[in-house]
Amino acid sequence: MSRADDIDVRPIAESEFADWLRAVNTGFLRAPAPSDEEVEGRRERFVEGRYLGAFDRGRCVATFRSFDQELTAVGGASVAADAISGVTVTATHRRRGLLSRMMARDLAAAKDRGDVAATLIAAEYPIYGRYGFGPATWMAEWTVDVPRAGLDARWAGPVGGGRIDLVEGEDIRKLGPELHERLRRGRPGAIDRDDMWWRMNTGALRWDTSWKPPFFAVYRSVTGEVEGMAAYEVDDNWGDAKQPLNTATVRWLIGVTPAAERALWEYVCSVDWVVKVKSGWRAPDDLLPHFLPDPRAARITSLADWLWLRILDVEKALEARTYEGQGALVLEVAGVDGLTGGRYRLEASPEGASCTATTESAELELGVGELGALWLGDESAVRLAALGRVREERAGAARKADALLRTSRRPWCPDMF
């Protein structure tokens, strides 16, 4: 067994990309050998210095990738984030500190670049808290029992006007980016999508032979403006008595107005032979169940943490978002690696906020991971205090934090990365 000190952790060269990708596939329990099409397709995103690998006797045994991301803060401002993905350690090389070495290297570089935060989607819950990450958004998936939902079986178009058209992937690539930007600017926790995302999700770029082209639907308002779109697929399942038992699975659905969301959900539920609809990843406070005459027809079949957040610059992060209330709060933020931490005074109002280092007595003590969980407005400081994860130095400080930080709608990240 090689000693940890003998394992070389470093940025990979582009010529090592196929070996790096083999290690990623191994870590995620996929067929290890990538196809030539996958190597060339994924190589498009290669950025020198942002792909890390751990090498033991020339073989890549751990992987780590980061890339630039725009993250929407409360209020709609975009902040620069260091998005982390492709994190694996081969089972033969666990417990040797390889992830810690890669994480420390990447976060230090992100801090030097001026990134406000780092983000990731955690495959396993227990890992990332020790690196200062906290779960900042959650996702829910509903399964709709269509016959029970109470929708009009004679549905022939959106209520109140507008129209839905089935389109091709090429149309989605033209119309989708602008619509998604409108959505992203209005939803805390949402992230940007690059051109490769649109090509991969519409079939213009693919290497997975099992990929099945979905149906694409676009909603236009009464004025002809594109306000929503969805991608969905339907299985082929019939009962013994020639009864249709098909399930429509929504891959993604975005709408910038409630009317667009309602129209798209009602359309998917109206498709002939569909008796169940799986919603895909939605916000936990999604409107979907309440678009149905009987909301009980939509049951949650998955509920889990989603986007994890690590604050890298406390002052910029707290100043970037907006606040519905007014007040001041002194926070003692405990860092885990010397990159983030200290005592800060936050003064906030609907007109703006300032956050500065201070020597005043702290009112609320918390870790940088807890700050990440609170920053998008989803978590409650009172709840974290009850769990022993934040500590009040002044009575009522947690309630004051909630009054400042919590939001009327829950943040949502629609994307996996």
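Above this text sits the structure in question.
Report on the accompanying structure. These numbers come from a predicted model, not from an experiment. (Residues numbered from 1 in each chain as written. Predicted model: local features only at pLDDT ≥ 70, side-chain atom pairs only at ≥ 80, totals over all residues. Heavy atoms only, no water.)

Despite not being glycine, Lys242 shows a phi value in the positive range, around 60°. Inspection of the secondary structure assignment puts Lys242 in the loop between strand E10 (226-234) and strand E11 (246-255). What makes Lys242 exposed here is its relative accessible area of 69%. The backbone of Trp273 sits at a positive phi, close to 80°, despite the residue not being glycine. (Helix = DSSP H or I, 4+ residues; strand = E, 2+ residues; numbered from the N terminus. Buried < 20%, exposed > 50% of the residue type's maximum accessible area, 1.4 Å probe, protein only.)

Another aspect to go through is the environment of Leu346. Of note, Leu346 is situated in strand E16 (residues 342-349). Each C-alpha atom of the pair Leu346 and Lys111 lies 21 Å from the other, and the pair is 235 residues apart in sequence. Once you skip the residues sitting within four places of it in the chain, Leu346 turns out to touch Leu318, Tyr323, Gly327, Ala328, Leu329, Ala353, Ser354, Cys355 and Leu404. (Contact = heavy atoms within 4.5 Å.)

Burial analysis of strand E14 (residues 307-311) places five of its five residues in the buried class, which makes it a mostly covered element. Across five bridges, strand E5 (residues 117-121) lies against E14 in antiparallel orientation. Note that in E14 the partner of Thr119 across the bridge is Leu309. Note: strand E6 (residues 134-135) against E14, two bridges, orientation antiparallel. Looking across to E14, one finds that Pro135 is bridged to Trp308. (Pairing = 2+ DSSP bridges.)

A few words now on the environment of Leu287. Position of Leu287 among the secondary structure elements: in the loop between strand E12 (274-278) and helix H7 (288-291). A relative accessible area of 27% places Leu287 in the partly exposed class. Here the alpha-carbon distance between Leu287 and Pro258, two residues 29 residues apart in the chain, equals 8.1 Å. Leu287 has contacts with Pro258 and Arg409, leaving out every residue within four places of it along the chain.

Attention shifts here to the nonpolar core. In terms of nonpolar packing, the biggest core is built from 43 residues, with Leu71, Leu309, Ile311, Leu318, Leu364 and Trp375 touching the most fellow members. A total of five residues in this core trace back to one element, the largest contributor, which is helix H11 (residues 397-405). (Core = buried A, V, L, I, M, F, W, Y, C linked by side-chain atoms within 4.5 Å.)

For the rest of this paragraph, the subject is the packing of aromatic side chains. Applying the stated criterion across every chain yields a total of 16 aromatic pairs. Aromatic pair Phe17 and Phe46: ring centres 6.1 Å apart, planes at 80°, arrangement edge-to-face. In this pair, Phe17 sits in helix H1 (residues 17-27) while Phe46 sits in the loop between helix H2 (36-43) and strand E2 (51-56), placing the two residues 29 residues apart along the sequence. Phe17 sits in the buried class, given a relative accessible area of 1%. Relative to Tyr232, the ring of Phe215 lies with its centre 5.2 Å away and its plane at 25°, an arrangement referred to as stacked. Placement of Phe215 in strand E9 (residues 215-220) and of Tyr232 in strand E10 is noted, with a sequence separation of 17 residues between them. Note on Phe215: relative accessible area 43%, which makes it partly exposed. (Phe/Tyr/Trp six-rings, centres within 6.5 Å; stacked < 30°, edge-to-face > 60°.)

This part covers H2. Of the positions making up H2, those classed as buried are Glu38, Val39 and Gly41. Looking at the buried residues of H2, the elements they touch are H1 and helix H5 (195-200).

Let us look at the pattern of salt bridges. Here the structure, examined in full by the defined rule, presents 40 salt bridges. Its salt-bridge partner being Asp165, residue Arg220 comes within 3.1 Å of it at the nearest N-O pair. In this pair, Arg220 sits in strand E9 while Asp165 sits in strand E8 (residues 163-167), placing the two residues 55 residues apart along the sequence. With a relative accessible area of 22%, Arg220 lands in the partly exposed category. Here Arg409 ties to Asp285 by a salt bridge, and the two come within 2.9 Å at their closest N and O atoms. Of this pair, Arg409 sits in the segment after H11 while Asp285 sits in the loop between E12 and H7, and the two are 124 residues apart along the sequence. For Asp285, a relative accessible area of 21% puts it in the partly exposed group. Residues participating in the shared-partner salt-bridge network are Arg50, Asp68, Asp82, Arg113 and Asp115. (Salt bridge = Lys/Arg side-chain N within 4 Å of Asp/Glu carboxyl O.)

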